Amino acid sequence: MALPSPINHPSPGISALPPTPIPRPPSPLPLPYKPSPSPLLRWSYSATRCGYSLGGGMETGAAAGSFPKRSLVTSHHLRHVESMSRLPSGCGKISHLNAIILGESLASEENDLVFPSPEFSAQALVSSPEQYRQMYKRSIEDPAGFWSEIASQFYWKEKWDPEVYSENIDVRKGIVKIEWFKGATTNICYNALDRNVEAGNGGKVAIYWEGNEPGQDGQLTYAQLLEKVCQLSNYLKHVGVGKGDAVVIYLPMLMELPIAMLACARIGAVHSVVFAGFSAESLAQRILDCKPKVVITCNAVRRGPKVIHLKEIVDSALTECAKYGVSVGLCLTYENQSAMERKVTKWQERRDVWWQDVVPKFSSKCAVEWVDAEDPLFLLYTSGSTGKPKGVLHTTGGYMVYTATTFKYAFDYKPSDIYWCTADCGWITGHSYVTYGPLLNGATVVVFEGAPSYPDSGRCWEIVDKYKVSIFYTAPTLVRSLMRDGDEYVIHYSRKSLRVLGSVGEPINPSAWRWFFNVVGDSRCPISDTWWQTETGGFMITPLPGAWPQKPGSATFPFFGVQPVIVDEKGNEIEGECSGYLCIKKSWPGAFRTLYGDHERYETTYFKPFPGYYFTGDGCSRDKDGYHWLTGRVDDVINVSGHRIGTAEVESALVSHPQCAEAAVVGVEHEVKGQGIYAFVTLVEGVPYSEELQKSLVLTVRNQIGAFAAPDKIHWAPGLPKTRSGKIMRRILRKIASRQLDELGDTSTLADPSVVDQLIALSDC
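What you see is a predicted model, and the numbers here were worked out from it, not measured in a lab.

**Observations regarding the side chain of Asn234**
Piece 1. Of note, Asn234 is situated in helix α6 (residues 222-238).
Piece 2. Under the relative-accessibility criterion, Asn234 is labelled buried at 13%.
Piece 3. In this structure Asn234 touches Phe362, Ser363, Lys365 and Cys366, once residues within four positions along its chain are discounted.

**Here's the deal with the sheet that holds strand β20 (residues 418-421)**
Piece 1. Sheet architecture is open: seven strands sit in the order β9-β8-β21-β20-β22-β23-β24, paired in mixed fashion. Each edge of the open sheet carries a strand with a single partner, namely β9 (217-221) and β24 (527-529). Within the sheet, the average angular offset between the axes of one strand and its neighbour, ignoring direction, is 20 degrees.
Piece 2. Where strand β23 (residues 500-503) and β24 come together, three bridges link them in parallel fashion. When the bridges of β24 are listed, Ser503 appears paired with Asp529.
Piece 3. Docked against the sheet, helix α16 (residues 510-520) engages β22 (471-474), β23 and β24, running at close to 155 degrees with respect to β24.

**A look at the confidence of the model for the protein chain**
Piece 1. In the predicted model, the protein chain carries a mean pLDDT of 85, and the fraction of residues at 70 or more is 84%.
Piece 2. Scored below 50 in pLDDT, residues 1-77 shows 210 contacts in the model against residues more than four places distant or in partner chains.

**What to know about the sheet that holds strand β25 (residues 563-567)**
Piece 1. In spatial order, the strands read β25-β26-β28-β29; together these four strands make up an open sheet with antiparallel pairing. Bordering the open sheet on either side are β25 and β29 (628-633), each of which pairs with just one other strand. Ignoring strand direction, the axes of neighbouring strands in this sheet form an average angle of 45 degrees.
Piece 2. When β25 meets strand β26 (residues 578-585), the two strands line up antiparallel, connected through five bridges. The residue bridging Val565 from the neighbouring strand is Cys583, located in β26.

**Looking at helix α21 (residues 754-761)**
Since the α-helix advances by 3.6 residues per turn, residues separated by three or four positions end up pointing in the same direction.
Piece 1. Buried within α21 we find Val755, Val756 and Leu759. Relative to the axis of α21, the buried residues are bounded by an arc of 100 degrees and lie together on one face. Facing away from the buried side of α21 by more than 90 degrees, the exposed set consists of Asp757 and Ala761.
Piece 2. Along its buried surface, α21 packs onto β33 (674-683), β34 (713-716) and α20 (730-737).

**Brief notes about the pairing of β25**
Piece 1. Burial analysis of β25 places five of its five residues in the buried class, the great majority of the element.
Piece 2. Of the two faces of β25, the one holding Gln563, Val565 and Val567 and the one holding Pro564 and Ile566 are both buried throughout.

**Regarding the state of the cysteines**
Piece 1. Taken as a whole, this structure holds zero disulfides when the rule is applied.
Piece 2. Cysteine Cys425 remains unbridged, with the sulfur of Cys421 as its closest cysteine sulfur at 8.3 Å.
Piece 3. For Cys425, a relative accessible area of 0% gives the class buried.

**A closer look at the environment of Ile508**
Piece 1. Summarising the element assignment, Ile508 is placed in the loop between β23 and α16.
Piece 2. C-alpha of Ile508 to C-alpha of Thr631: the two residues are 123 residues apart in sequence and 9.7 Å apart in space.
Piece 3. The residues contacting Ile508, other than those within four sequence positions of it, are Pro476, Ser503, Trp513, Asp529 and Gly553.

**Quick notes on the packing of aromatic side chains**
Each aromatic ring pair is described using two quantities: the centre-to-centre distance and the angle formed by the ring planes.
Piece 1. In total, this model carries 57 aromatic pairs according to the counting rule given.
Piece 2. On the basis of an interplanar angle of 70 degrees and a centroid distance of 4.9 Å, the ring pair of Phe411 and Tyr473 is categorised as edge-to-face. Taken as a pair, Phe411 in the loop between α11 (397-410) and β20 and Tyr473 in strand β22 lie far apart in primary sequence, 62 residues in all.
Piece 3. Between Tyr678 and Phe680 the ring centres are 5.0 Å apart and the planes differ by 45 degrees, which places this aromatic pair in the tilted class.
Piece 4. Given the relative accessible area of 4%, Tyr678 is considered buried.
Piece 5. Every member of this aromatic cluster is reached through a ring pair, and the members are Tyr132, Tyr136, Phe146, Trp147, Tyr402, Tyr409, Trp548, Phe557, Phe559, Phe560 and Tyr627.
Piece 6. In this arrangement the basic side chain of Arg286 is found over the ring face of Phe278, its NZ or CZ atom lying 4.4 Å from the centre.
Piece 7. Note that Lys551 overlies the ring of Tyr627, its terminal NZ or CZ placed 4.6 Å from the centroid.

**Some details on the environment of Asp625**
Piece 1. Topologically, Asp625 is positioned in the loop between β28 (614-622) and β29.
Piece 2. Residues Asp625 and Glu577, 48 residues apart in the sequence, show an inter-C-alpha distance of 7.9 Å.
Piece 3. Within polar-contact distance, the side chain of Asp625 engages the side chain of Lys551 at 2.6 Å.

**A look at helix α9 (residues 310-323)**
Piece 1. Its 14 residues place the ends of α9 21 Å apart at the C-alpha level, agreeing with the 20 Å of an ideal helix rising 1.5 Å per residue.
Piece 2. What α9 keeps buried is the set Leu310, Lys311, Val314, Asp315, Ala317, Leu318 and Cys321. All buried residues of α9 fall inside an arc of 170 degrees around its axis, so they share one side.
Piece 3. Once α9 finishes, Gly325 follows within two positions and takes phi at roughly 80 degrees, a positive value.

**Looking at the packing of helix α4 (residues 143-151) against α11**
Piece 1. Two elements in contact, α4 and α11, have axes separated by 10 Å at closest approach and are oriented at 85 degrees. Classed by the angle they form, the pair α4 and α11 counts as roughly perpendicular. Only Val401, Tyr402 and Thr405 of α11 make contact with α4, whose side of the interface consists of Trp147, Ile150 and Ala151.
Piece 2. Looking at the contact of α4 with α11 residue by residue, the classes come out as five nonpolar, one polar and no charged.

**With respect to the nonpolar core**
Piece 1. If you look at the biggest cluster of nonpolar residues, it comprises 157 residues, and the most contacted ones within it are Trp156, Phe181, Leu225, Leu232, Ile287, Leu332 and Phe560.
Piece 2. Excluding residues that lie within four positions of it along the chain, Leu332 makes contacts with Leu232, Tyr235, Val294, Val295, Ile296, Thr297, Val353, Trp354, Trp355, Val358 and Val359.
Piece 3. In terms of nonpolar packing, the next biggest core, distinct from the first, is built from 32 residues, Met483, Val490, Leu501 and Ile527 among them.

**Side note on the packing of helix α7 (residues 256-266) against helix α12 (residues 428-440)**
The description of two helices packed together rests on the angle between their axes and the distance between the axes.
Piece 1. Packing of α7 against α12 brings their axes to within 11 Å, and their N-to-C directions diverge by 60 degrees. What the angle tells us is that α7 and α12 run oblique. As α7 packs across α12, the resulting crossing turns out to be right-handed. Seen from α7, the contacting residues are Pro258, Met261, Leu262 and Ala265; seen from α12, they are His431, Thr435, Tyr436 and Leu439.

Rules and cut-offs
Residues numbered from 1 in each chain as written. Predicted model: local features only at pLDDT ≥ 70, side-chain atom pairs only at ≥ 80, totals over all residues. Heavy atoms only, no water. Helix = DSSP H or I, 4+ residues; strand = E, 2+ residues; numbered from the N terminus. Buried < 20%, exposed > 50% of the residue type's maximum accessible area, 1.4 Å probe, protein only. Contact = heavy atoms within 4.5 Å. Pairing = 2+ DSSP bridges. Axes fitted to C-alpha atoms, helices over the stretch in contact; angles between N-to-C directions. pLDDT = per-residue confidence, 0-100. Arc of directions from axis to C-beta. Disulfide = S-S within 2.5 Å. Phe/Tyr/Trp six-rings, centres within 6.5 Å; stacked < 30°, edge-to-face > 60°. Lys NZ or Arg CZ within 6 Å of the ring centre and 35° of its normal. Polar contact = N/O pair within 3.5 Å; in protein donor to acceptor, adjacent residues only side chain to side chain. Expected span 1.5 Å × (residues − 1). Parallel < 35°, antiparallel > 145°, perpendicular 65-115°, else oblique. Nonpolar A, V, L, I, M, F, W, Y, C, P; charged D, E, K, R; others polar. Core = buried A, V, L, I, M, F, W, Y, C linked by side-chain atoms within 4.5 Å. Left-handed = near helix turned anticlockwise from the far one by under 90°.

Structure below.
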């Protein structure tokens, strides 16, 4: 069944949300921390030891910290970037501020500024704040020209209309609609593979694959990858899959996963990758919604020491779908011999087909299906804690241009880099920054099947050394987990190949940032602490590694073409240092176009809370220097005696305690305060539980935030319930905290379901 176009043909099987007013988000969130006051000095790049020096900001004989008056607002939409011209300098002595230079000293205090070294900046794609400001200014004032110039570097069968983009994100002016490069035809698979082969890079390694067990590995060059993609594309066409048809992919991190994604894109089919950790029920929900012609899976996978029977999960999901009249005629199954033999795999004749028996028989050349820039590329379902999953729909042209460009600049990508993102392709990070973004740039990508701490906590760094990984992109949860296991697992390996680190998925607390920088990166690798969402398609606020100094825990400044604003409860934009709700003005090429079959829910969720803006659902603070600090989802706010407290802020305070490795905070009902703060705390390895330590943790929060934010309960946690991608399942923590143990729900997606039983057993400790 072909997918309808994003807006004009909603799915008849989906009931839209009623057009009732939605409640306003909670009140603004506080800063995660406030750096110590410091003079604001003009900042310009130079060849001095520190890399940055004062430039025209102080007159002879001026008092320390004084400077000529200068308006921060040269134009409304550039105000948050213009503040960069008055950032603190890294040269000379600065009161209450530590300037850290890459490779020279450790980042140790929360008011550190971490500067790129002159050597790094000199070779960076964006090497100074001035260059960034010029590019950013053009991207805002002339978005059509800016993005057209970049888009022209890709192959288009037909070029776009004179109007490069059109948009309406204001629900008061009619239906929300975003289009980029309308009228153009292209193919993202062609741009990712054929274009690289035709440029003479067919022999370059596209994918290094590392299996679950050390010693299991493989690789594909760009030419080999293209051949395998074409074979699968031809097979899918043979069984009746065509342009606009949906294909559900339920695979682990084998090379066949990106192969399947690219094969769908090549023939214009719309892939929907479902994380191979979701339960049969969750998989069934997604199949029922998009009604695919084919499901692609494998018989089983090893994740650490555990075998997961994926084919049996698919069987259960398809049985459930049949009850609702949705039948999938073909289940293409890859035989993953390292996890399960073919002969013991449960099988349904006529429906089930072995990948290895059919796909290799097809030609390794397949004609490209040219698609419109606004034709659907993929569906990716976001799984809320309650209700029906949302099918986020991304289209082809704008997404292609945006993911490739964000990858290139945010990681300062060079053709010689070896890039490893630890995310699974079942999430948006795996779409944008494992498959499409890197391959569109001709990068070499590491794909890892296993668990990052198997067989021990040094596995990540073993892989880094093995493949000479130069760009390493992972989640704060994994960083904190490895930090807890001890430095010895890191320093045992060289890691000399690393030059850029990255963080994704949630705000990274300053102490984890500093450990990542100091220990993993040897105080020489800048960290691209990226903020973005499934819905945005690519990075929205992110450091550019060579352009400006970083503050541990801050996502820093917006990417090109992105106009973030912070608003209050009434939707008024707030200037300068502030805290509130993060919204985006204007569209960008990578923006999602709708929720599949439910455009009304799309408008209600993202555009009605603050008309005229895209509402991210996140809280954000902007400090006096213009840096952005993400404070977490606004629904992760606890109202304690009238104080609205962001859970991320309390968690950051707890983790700053030297004996706390990780923390997760939820709200519980309190008969006096309305809500109380309930903290699950994982200690550093070897530290015993004690009442004195509980008091010390509470005191840490009192000292850093205030008495009103002190946790009412410290719940010892040997581990936290996380998905295999590292996401903490706070829904489960809320149920444990409120003793609603009969309402824990589905725990099948957890990396270690036994953690839940351990937490319940420690409830009264």
